[in-house]
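Here are the chains, one letter per residue:
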Amino acid sequence: MFVGILQIDLLLRGNTSLKQKRQTLSSIKDRTRQKFNVSIAEVDNNDLWQRATLGICCVSNDKIHTNRMLSQVVKFIETNFHTELLDYSIEII
């Protein structure tokens, strides 16, 4: 069994309140969960309007599949939402 952990830092330009940030993140989390069947949560920068850090996790029986899936999640978030990807890291346990 392999557990893949993705930490992704986003810049959410245009947000003017925490309420607007929550709406944006809710959309990102719901669509990502639906498409990839992964666990996802905001894990840092909770009080900043224009920054977010998401933690994403998936479990698989194949290390290559786990890495490929998390890489696809990064591309999906980067291309489908009005966010700027600042940094990300993938760890396979």
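Note that the structure is a prediction, hence the values are computed from the model and not measured.

*Asks:* Where do I start with the overall build of the chain in this structure?
*Replies:* The secondary structure content of the chain amounts to two helices and four strands. The globule rule puts the C-alpha radius of gyration for 93 residues at 12 Å, and the 13 Å found for the chain is close to it. Out of the 93 residues in the chain, the part that is buried amounts to 34%. Look at the contacts in the chain between residues 6 or more apart in sequence, and 69% of them connect residues 24 or more apart. As presented, the chain carries roughly 5800 Å² of accessible surface, and 47% of it is formed by carbon and sulfur atoms. Where the 12 positive side-chain charges of the chain centre and where its 10 negative ones centre are 7 Å apart.

*Asks:* Is there a simple way to explain the packing of aromatic side chains in this structure?
*Replies:* Two aromatic rings, taken as a pair, are described by how far apart their centres are and by the angle between their planes. Taken as a whole, this structure holds two aromatic pairs when the rule is applied. Relative to Phe 76, the ring of Phe 36 lies with its centre 5.5 Å away and its plane at 75°, an arrangement referred to as edge-to-face. Note that Phe 36 is positioned in helix 1 (residues 18-36) and Phe 76 in helix 2 (residues 63-80), a separation of 40 residues in sequence. On the accessibility criterion, Phe 36 (11% relative accessible area) is buried. Residue class for Phe 76 comes out buried when judged on its relative accessible area of 10%. Centre to centre, the rings of Phe 76 and Phe 81 are 5.7 Å apart; their planes meet at 85°, and the pair counts as edge-to-face.

*Asks:* Looking at this structure, how should I read the packing of helix 1 against helix 2?
*Replies:* Two packed helices can be described by the angle between their axes and the distance between those axes. Here helix 1 crosses helix 2 at 140°, and the two axes come no closer than 11 Å. Between helix 1 and helix 2, the interaxial angle falls into the category oblique. Seen from above, helix 1 lies across helix 2 with right-handed handedness. Residue-level contacts link Ile 28, Arg 31, Thr 32, Lys 35 and Phe 36 of helix 1 to Met 69, Gln 72, Val 73, Phe 76, Ile 77 and Asn 80 of helix 2.

*Asks:* Got a minute to help me understand the nonpolar core in this structure?
*Replies:* Nonpolar side chains tend to gather and get buried jointly when the protein is soluble and globular. Counting 20 residues, the largest nonpolar core has Ile 8, Leu 10, Ile 28, Leu 54, Ile 56 and Ile 77 as its most contacted members. Mapped onto this core, the elements with two or more residues apiece are strand 1 (2-11), helix 1, strand 3 (51-60) and helix 2. Considering every element that reaches this core, the biggest residue donor is helix 2, with six residues. Setting aside residues no more than four positions away along its own chain, Ile 56 makes contact with Gly 4, Ile 5, Leu 6, Ile 8, Val 38, Ser 39, Ile 40, Leu 70, Val 73 and Ile 77.

Rules used throughout
Residues numbered from 1 in each chain as written. Predicted model: local features only at pLDDT ≥ 70, side-chain atom pairs only at ≥ 80, totals over all residues. Heavy atoms only, no water. Helix = DSSP H or I, 4+ residues; strand = E, 2+ residues; numbered from the N terminus. Rg over C-alpha atoms; globule rule 2.2 N^0.38 Å. Buried < 20%, exposed > 50% of the residue type's maximum accessible area, 1.4 Å probe, protein only. Contact = heavy atoms within 4.5 Å. Areas by Shrake-Rupley, 256 points an atom, 1.4 Å probe, with all protein chains shown as cover. Lys, Arg positive; Asp, Glu negative; His and termini not counted. Charge placed at Lys NZ, Arg CZ, Asp CG, Glu CD. Phe/Tyr/Trp six-rings, centres within 6.5 Å; stacked < 30°, edge-to-face > 60°. Axes fitted to C-alpha atoms, helices over the stretch in contact; angles between N-to-C directions. Parallel < 35°, antiparallel > 145°, perpendicular 65-115°, else oblique. Left-handed = near helix turned anticlockwise from the far one by under 90°. Core = buried A, V, L, I, M, F, W, Y, C linked by side-chain atoms within 4.5 Å.

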